[in-house]
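An overview of the molecular structure
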Amino acid sequence: MSHHGTEGHADADRRGGATGGGAGALAVLELLSRQAPPERYAELVDQARESGMPEHELADMERAVHLAIGVGHTLARHERREAGLDALTDTARDLTLSYGLEDLLRSVVRRARRLLDLDLVCLSLSGPAAQGVRVVHASEGVISPLDPAGLAAALDEDGLGGLVHTHGEPVWTEDYLQDRRFAHTVALDAFVRNEGLRAVLAVPLRLGGAVVGVLYGVDRCARRFTSGEIVLLTALADLAAVAAGRAGLLDRTRAEVSELEEDSSRARTALTRMRYIGEAHGRIMDLILAGGDLGHVAKAAGDALDAGIEIRDPGGRVLAAAGEIDGLDEGAVAKAALDAHASRRPARAHTPGAPGDPGFPGFPGTPEDSEVPEAPEAFEAPGVPGSEGEGAGEDSGGHRTWIAPVIAGSEDLGVLVVRAATPLTGEDVRLLELAAQSVALLLLMQRSTAVAEGPVRDELLDDLLAEPRHAPGQIDQRARRLGLDLRRPHVVVVARPEGGEPGRAVVWASSYAYRMSGLKTVQGGSVVLLLPGTDASAAARAVSGELGPLLGHPVSVGAAGPGWSVDSVPRLHQEALRCLDAMSALGGTGTAASADDLGFLGLLLSDDHDVDGFIESAIGPVLEYDAERFTDLIRTLEAYFASGGSPTNAAEELHVHPNTVSRRLERIGELLGAEWQKPGQVLEVQLALRLQRTRDILARRRATTADSRPPAPVTGGAGPVPGV
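Now for a look at the structure at hand. (Residues numbered from 1 in each chain as written. Predicted model: local features only at pLDDT ≥ 70, side-chain atom pairs only at ≥ 80, totals over all residues. Heavy atoms only, no water.)

1. A closer look at the overall build of the protein
- Secondary structure assignment for the protein yields 21 helices and 15 strands.
- Taking all 724 residues of the protein together, the buried fraction comes to 42%.
- Once local pairs closer than 6 in sequence are excluded, the contacts in the protein between residues at least 24 apart make up 61%.
- Entry remark: accessible area of the protein is about 37500 Å², with carbon and sulfur atoms responsible for 55%. (Helix = DSSP H or I, 4+ residues; strand = E, 2+ residues; numbered from the N terminus. Buried < 20%, exposed > 50% of the residue type's maximum accessible area, 1.4 Å probe, protein only. Contact = heavy atoms within 4.5 Å. Areas by Shrake-Rupley, 256 points an atom, 1.4 Å probe, with all protein chains shown as cover.)

2. Observations regarding the packing of helix 4 (residues 101-115) against helix 8 (residues 227-289)
- In the contact formed by helix 4 and helix 8, the axes pass within 9 Å of each other and the chain directions differ by 175°. In terms of their interaxial angle, helix 4 and helix 8 are classed as roughly antiparallel. From helix 4, Leu-101, Leu-104, Leu-105, Val-108, Ala-112 and Leu-115 reach across to helix 8, where they touch Leu-232, Leu-233, Leu-236, Ala-240, Ala-243, Ala-244, Arg-246 and Ala-247.
- Of the residues that constitute the contact of helix 4 with helix 8, the class distribution is 13 nonpolar, no polar and one charged. (Axes fitted to C-alpha atoms, helices over the stretch in contact; angles between N-to-C directions. Parallel < 35°, antiparallel > 145°, perpendicular 65-115°, else oblique. Nonpolar A, V, L, I, M, F, W, Y, C, P; charged D, E, K, R; others polar.)

3. Observations regarding the pattern of salt bridges
- For the structure shown, the criterion picks out 24 salt bridges.
- A salt bridge links Asp-428 to Arg-273, with the nearest nitrogen and oxygen atoms 1.9 Å apart. In this pair, Asp-428 is assigned in helix 11 (residues 426-465) and Arg-273 in helix 8, connecting sequence segments 155 residues apart. Each member of the pair, Asp-428 as well as Arg-273, carries the same accessibility label: buried.
- Because the salt bridges share partners, they merge into one network encompassing Asp-46, Arg-49 and Glu-62. (Salt bridge = Lys/Arg side-chain N within 4 Å of Asp/Glu carboxyl O.)

4. Details of the sheet that holds strand 8 (residues 347-348)
- The strand order across the open sheet built from five strands is 7-6-10-9-8, with neighbouring strands paired in antiparallel fashion. This sheet does not close on itself; its edge strands, each paired only once, are strand 7 (318-322) and strand 8.
- Relative to strand 7, strand 6 (residues 307-312) runs antiparallel, the two being bridged by four bridges. Within strand 7, the residue paired with Ile-311 across the bridge is Ala-320.
- Where helix 9 (residues 294-305) meets the sheet, it contacts strand 6, strand 7 and strand 10 (411-420), and its direction lies at approximately 150° from that of strand 6. (Pairing = 2+ DSSP bridges.)

5. Description of the side chain of Glu-546
- Residue placement: Glu-546 occurs in helix 14 (residues 536-551).
- Here the side chain of Glu-546 touches Trp-508 through a polar contact of 3.0 Å, side chain to side chain.
- Beyond its immediate stretch of four places on either side in the chain, Glu-546 contacts Asp-313, Arg-317, Trp-508, Tyr-512 and Arg-515. (Polar contact = N/O pair within 3.5 Å; in protein donor to acceptor, adjacent residues only side chain to side chain.)

6. Details of the nonpolar core
- Core analysis: the biggest nonpolar cluster contains 34 residues, and Ile-311, Val-406, Leu-416, Leu-432 and Val-439 have the highest contact counts within it.
- Of all the secondary structure elements, the ones that give two or more residues to this core are helix 8, helix 9, strand 6, strand 7, strand 9 (401-408), strand 10 and helix 11.
- One finds Leu-215, Phe-225, Leu-232 and Ala-240 within the second-largest nonpolar core, a separate group that totals 29 residues. (Core = buried A, V, L, I, M, F, W, Y, C linked by side-chain atoms within 4.5 Å.)

7. Considering the sheet that holds strand 12 (residues 519-523)
- Spatially, five strands are ordered 12-13-11-14-15 in an open sheet, and the strand pairing comes out mixed. Edge positions in the sheet fall to strand 12 and strand 15 (592-594), since each of these pairs with one other strand and no more. Each adjacent strand pair in this sheet contributes to an overall mean axis angle of 20°, direction not counted.
- In the packing of helix 13 (residues 503-515) onto the sheet, the strands contacted are strand 11 (490-497), strand 12 and strand 13 (526-532), and the crossing angle to strand 13 comes to about 5°.
- Where helix 14 meets the sheet, it contacts strand 11, strand 13, strand 14 (555-563) and strand 15, and its direction lies at approximately 155° from that of strand 14.

8. Brief notes about the packing of aromatic side chains
- Here the structure, examined in full by the defined rule, presents two aromatic pairs.
- Where Trp-508 meets Tyr-512, the ring centres are 4.6 Å apart and the plane angle is 25°; that geometry is what we call stacked. In this pair, Trp-508 and Tyr-512 both sit in helix 13, four residues apart, roughly one turn of the helix.
- Trp-508 gets classed as buried once you look at its relative accessible area, which sits at 8%. (Phe/Tyr/Trp six-rings, centres within 6.5 Å; stacked < 30°, edge-to-face > 60°.)

9. Let's talk about the side chain of Ser-556
- Inspection of the secondary structure assignment puts Ser-556 in strand 14.
- The class for Ser-556 is buried, based on a relative accessible area of 1%.
- A distance of 2.7 Å separates a polar atom in the side chain of Ser-556 from the backbone nitrogen of Gly-590.
- Dropping the residues within four chain positions of it, Ser-556 is found in contact with Val-494, Ala-495, Arg-496, Glu-498, Leu-580, Thr-589, Gly-590 and Thr-591.

10. What to know about helix 12 (residues 472-481)
- Buried residues of helix 12: Ile-475, Asp-476 and Ala-479, and no others. Along the axis of helix 12, the buried residues cluster in a sector spanning 100°; they form a single face. For helix 12, the exposed residues lying more than 90 degrees away from the buried face are Gln-474, Gln-477 and Arg-481.
- The first or second residue beyond helix 12 is Gly-483, which carries a positive phi of 85°. (Arc of directions from axis to C-beta.)

11. Brief notes about the packing of helix 8 against helix 9
- Packing of helix 8 against helix 9 leaves a shortest axis separation of 9 Å and a crossing angle of 170°. Taken together, helix 8 and helix 9 sit at an angle that is classed as roughly antiparallel. Residues Tyr-276, Ala-280, Ile-284, Leu-287 and Ile-288 of helix 8 form the contact with helix 9, whose participating residues are His-296, Val-297, Ala-300, Ala-301, Asp-303 and Ala-304.
- The residue makeup of the contact of helix 8 with helix 9, split by class, is nine nonpolar, one polar and one charged.

12. A word on helix 2 (residues 38-50)
- Its 13 residues place the ends of helix 2 19 Å apart at the C-alpha level, agreeing with the 18 Å of an ideal helix rising 1.5 Å per residue.
- Every buried residue of helix 2 is listed here: Tyr-41, Leu-44, Val-45 and Ala-48. Buried residues in helix 2, looked at end-on, bunch into an arc of 95°, giving them a common side.
- Immediately downstream of helix 2, the backbone of Gly-52 shows phi near 80°, a positive value. (Expected span 1.5 Å × (residues − 1).)

13. A few points about the environment of Arg-193
- Residue position: Arg-193 is located in helix 7 (residues 186-195).
- Along the sequence, Arg-193 and Tyr-176 sit 17 residues apart, while their C-alpha atoms lie 10.0 Å from each other.

14. With respect to the pairing of strand 13
- Across the seven residues of strand 13, six count as buried, placing the element largely inside the fold.
- Here strand 12 pairs with strand 13 via five bridges, running antiparallel. In the sheet register, Lys-520 faces strand 13, and the bridge partner there is Leu-529.
- Counted between consecutive antiparallel strands, the loop separating strand 12 from strand 13 contains two residues, among which Gly-524 sits at a positive phi close to 60°.

Right, here's the structure in full:
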């Protein structure tokens, strides 16, 4: 019985122990369910030991506590992993929203610091995402002032960042200052000491296989980073890299969209300009078809280009103009005209010493690698040397002065000289080309018209020169039907080509006469032109300057005029012929002159013997000076020549001091010009003085004769008056 009793108590003791052990395990489970900290488990074990819990039960409780703590750690890791996944999910969702790059990177840094319980987190970017410069774009937990560019350079070029950029893998250390696996720099170590940093984890931001930045996680205590922490920070870095790539893509897309918008704007502007050019060219062509002349075409082109325009013939003479062109450098214009004709494209006049501006490719003088300026901005158009220099002889608008060739096939018809208010665009230059073509067309039409009307006009001039003369009234009516008014001043020009085939000269003369609203005929191998105007010398020079280069050999030109009637034409023709013969006799073949240009020879050759005109041209200023100031410079001149050009002898004859004669001669030099004592001019002055003296003597004789005549008898039956 005692045996059974003893066994019963043992069983009871085992059940009691089991019951005690179960209570301890339940207490451990309750702490585990409440996620109690490890110190609460230690308190439970201490209470059980103090209550006298048997050793085997106490061992079971300690075992349960150990397992519970392990389960707690596992649960904490799962929670951290879930939090990390949530953070990654939130970051990935942020990427789909319209956050900017800086906001996304700050969000990544903030989440990394919170999830990994770090003291400092910063992120640096380099490459395209940071325009080639490494910069700390986001940081959190920094105490001291931060230089983003300087800190990024120190982090990425040395230390852990340098290793990350080199190997493209995460790098970490438990204690940065004590770790000698990588190079240290004074600046970075000073920053680490100032911040009190120790453990550092650096992971790469990879984009397309390249490292574009580094994400740093730093703790102010020594710390061993777990694989889960490294994986989580690496995942956040990958999302940051995606954000950087996305931002770069957005920037490139925006830039491309902006560029496309600019291209579209330029295209619309160019289309508008091309439409304007087409309309302007259409207006010019309408003017030509409606019978407009060169002046109308020049004005229409000038209005379209907002420029002054001159239409010049091959000899440089202005045929028509619109607007004002001041300060042209004719040397630069001549050079640009050669360039323009050589390239058959407009060229810009170049002023030496003035700054040029980039030109249009394809135009003379333009660098091949230059780019076409974008319309409608002003180019500064093409690199045919152009400028805006200042100073003597410089073209003040050189960079806006253009020369366009007027050509028909291989024939040079002249040039357009254009001075624009603003630099020309590419479309403006195209309009200039079209305007030059329109001028060429008009000149050809005028030539064709001149050729068609040539026989009629030639016949009229032949009748004007014929002997015996036709009825002046009929001649005048025929001239009016051709648009000529012979009562207006006109000159006669006779041009004789010195060799070569005269056919080209005749064709040119037809066009020239039509262009100048005159008449033309051919007599004795010479071209005869009747042209409106009052300056025979200028007309002769213009004909010589244009016809000579065209024929390629000398042309002798004589002119006379002006005349104001139908009857004056034959007389002027004879004077022009005598002038031409005198030039040939004097060895002046190939030159141009009028009777006035030949001085006293012209007086002898002219039909009207214009003595007054000759005296006025030779000594007129001296006569006018004497009349205005009641001086006697003419008498001083006569005494000077009578004494053989000696001021001293002249002073004795005039009974004045020699200095007085010298001063009078200086005044005469100011009136007649510095070369008045040269042989040619002094001969004309002496002849004019003799003519003037002779005219005065004859005038006095006429007056004396008139005074000496007896009065005419008074008739009418009244008889003589008494006392008279």
